[in-house]
Amino acid sequence: TAQCHFHPEDKQILGALDLVVSLAAADKEIQQLEGGILGQTLSVFLCTSAILFLFVLRFVNHPIQRLIDGTRKIAQGDYTTTVSVSQTDEMGLLADAINYMGSEIDRNLAKLNKQRKEYRTLFEQVPCLITVQDRSYRLLNYNREFADRFDPQPGDYCYRAYKGREAKCEDCPVEKTFVDGQSYAAEERGINKDGTASYWIVKTSPIFDEGGEIVAAMEISLDITARRHLEIDLERSERKYHATFNNIPNPVFVLDKSSFKILDCNRRVTGVYEYEMAELVGTSFLNLFAPDERDHFAFKLVTATIINQVRQKTRSGKSLSVNIRLSPSEYAGHEVLLVTTSDITKRLEAEQ
């Protein structure tokens with residue numbers, strides 16, 4: 001009749017039967033079962049992790065490590081190494097791309113080195129002086145010919161190396177190039193390291209950066225010292241020739257061989273023929289003969305070497321008696337006749 005107990009009204013309760021059942025074996029079995037499940041789960045997890053680890057190590061880590069090693073060698077300048085990845089997936093494609101990149105860099109670098117070597121060989125062996133200068137005229141680079149000729153010092157300026165000056169030249173072609181970016185030419189004179197004078201023709205050219213700004217100027221100088229010395233010797237020889245030519249005591253004419261036009265004459269012509277030198281140059285030598293005798297003497301001038309007692313006229317119409325000596329020569333690259341006349345008028349008068 002207790003409140004904790006309930007039974008249907010049509011049932012008669014005789015008593016209560018307490019039954020005690022031990023669950024120790026069941027608990028032990030459940031515990032063993034739980035331990036087995038846990039161990040099996042742990043084993044499956046460890047096996048799966050090991051498989052995943054080996055898979056990642058084999059197909060991911062090792063290829064990535066080889067890719068890293070290959071790119072590091074390329075970065076260090078070893079372009080011939082290859083990354084060996086036998087996979088056909090993205091790792092294999094990446095390895096092929098890295099290998100192709102290395103081979104292309106190696107090929108382009110070899111081509112660039114070849115061009116650099118050729119440029120350097122030309123720069124060093126070209127038979128002229130080459131310098132590269134900044135805006136302050138400091139030498140940034142120069143070839144071996146320049147170094148052998150002038151012995152420049154590190155950080156030297158062009159005007160000091162070329163000419164031993166302490167300031168730039170007043171008419172500097174490099175300065176003009178920096179102003180407008182154009183090329184300029186000039187003829188310069190400097191002092192070699194052995195103290196001898198040197199002459200050269202200068203040609204400048206601007207050097208631009210990627211932005212189009214002039215960052216330097218190249219100056220190429222061709223040595224003309226030998227030619228300049230020849231010109232000086234020629235000028236000296238010409239002065240000596242003119243001094244001798246003008247001081248010959250007899251009139252001397254230089255005639256064109258075909259037309260007998262007077263190309264040159266000496267000062268003695270004025271004293272004998274009363275003409276100024278400028279009046280005769282460009283006229284015909286035949287004008288000094290009588291008109292009716294010109295054809296005859298035109299023939300004689302090309303066939304004879306000596307014509308004696310010839311009658312000629314002065315500017316005032318005075319008659320002269322002269323002996324003519326002719327010899328073929330060369331003048332300004334043309335064949336000419338060198339004609340020397342001797343005034344024998346007074347001698348003939350004295351003989352008469």
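Residues numbered from 1 in each chain as written. Predicted model: local features only at pLDDT ≥ 70, side-chain atom pairs only at ≥ 80, totals over all residues. Heavy atoms only, no water.

Caption draft 1: Structural view of unusual backbone geometry. Within the chain, Y137 stands out as a residue other than glycine whose phi angle is a positive 70°. Take Y137: it is sitting in the loop between β1 (129-133) and β2 (139-142). On the basis of relative accessibility, which here comes to 11%, the residue Y137 falls in the buried class. Look at Q309: it is not a glycine, yet its phi comes out positive at around 50°. Considering the arrangement of structural elements, one finds Q309 in strand β8 (residues 306-313). (Helix = DSSP H or I, 4+ residues; strand = E, 2+ residues; numbered from the N terminus. Buried < 20%, exposed > 50% of the residue type's maximum accessible area, 1.4 Å probe, protein only.)

Caption draft 2: The arrangement of the pattern of salt bridges in detail. Evaluated as defined, the whole model comprises 15 salt bridges. Among the ionic pairs, D223 bridges to R149, the shortest N-O distance being 3.0 Å. One end of the pair, D223, is in strand β5 (residues 214-223); the other, R149, is in helix α3 (residues 144-150), and 74 residues separate them in sequence. Look at R149 and you get buried, because its relative accessible area is 16%. (Salt bridge = Lys/Arg side-chain N within 4 Å of Asp/Glu carboxyl O.)

Caption draft 3: A look at the packing of helix α1 (residues 24-75) against helix α2 (residues 90-125). Two elements in contact, α1 and α2, have axes whose closest approach is 11 Å; the angle formed by their N-to-C orientations is 10°. Put simply, α1 runs roughly parallel to α2. Residues F59, V60, P63, I64, L67, T71 and I74 of α1 form the contact with α2, whose own contacting residues are M91, L94, A95, I98, M101, G102 and I105. Per-class residue counts for the contact of α1 with α2 are twelve nonpolar, two polar and no charged. (Axes fitted to C-alpha atoms, helices over the stretch in contact; angles between N-to-C directions. Parallel < 35°, antiparallel > 145°, perpendicular 65-115°, else oblique. Contact = heavy atoms within 4.5 Å. Nonpolar A, V, L, I, M, F, W, Y, C, P; charged D, E, K, R; others polar.)

Caption draft 4: Main features of the nonpolar core. Core analysis: the biggest nonpolar cluster contains 26 residues, and F253, Y273, L280, F285, I307, I324 and V339 have the highest contact counts within it. Elements that contribute at least two residues to this core include exactly β6 (252-256), β7 (262-265), α7 (268-273), α9 (294-303), β8, β9 (319-331) and β10 (334-343). No other element matches β9, which puts four residues into this core. Aside from chain neighbours lying at most four places away, what touches V339 is P251, V252, F253, L255, F285, I324, R325 and L326. L139, Y162, I214 and A217 belong to the second largest nonpolar core, which has 17 residues in total. (Core = buried A, V, L, I, M, F, W, Y, C linked by side-chain atoms within 4.5 Å.)

Caption draft 5: Layout of empty space enclosed by the protein. Taken as a whole, this structure holds one cavity of 30 Å³ or more when the rule is applied. Within this model, the largest cavity holds a volume of roughly 140 Å³. C158, Y162, K163, C169 and E219 are the residues nearest the centre of the largest cavity, which is lined by 13 residues in total. Taken together, the elements giving at least two residues each to the lining of the largest cavity come down to α4 (158-163) and β4 (197-208). Among the elements that take part in the lining of the largest cavity, α4 stands out by supplying four residues, more than any other. Grouping the constituent residues of the lining of the largest cavity by class yields nine nonpolar, no polar and four charged. (1 Å grid on protein atoms, 1.4 Å probe; cavity = no way out; pocket = protein on both sides within 12 Å on 5 of 7 lines; lining within 4 Å. Points joined across faces, edges and corners; volume = space filled by probe spheres on them.)

Caption draft 6: Layout of the packing of aromatic side chains. Enumeration according to the criterion identifies twelve aromatic pairs in this entry. An aromatic cluster of three or more residues is present, and its members are Y142, F146, F150, Y162 and W200. A cation sits over an aromatic face here: R228 above Y199, 5.8 Å from the ring centre. (Phe/Tyr/Trp six-rings, centres within 6.5 Å; stacked < 30°, edge-to-face > 60°. Lys NZ or Arg CZ within 6 Å of the ring centre and 35° of its normal.)

Structural measurements only, silent on function.
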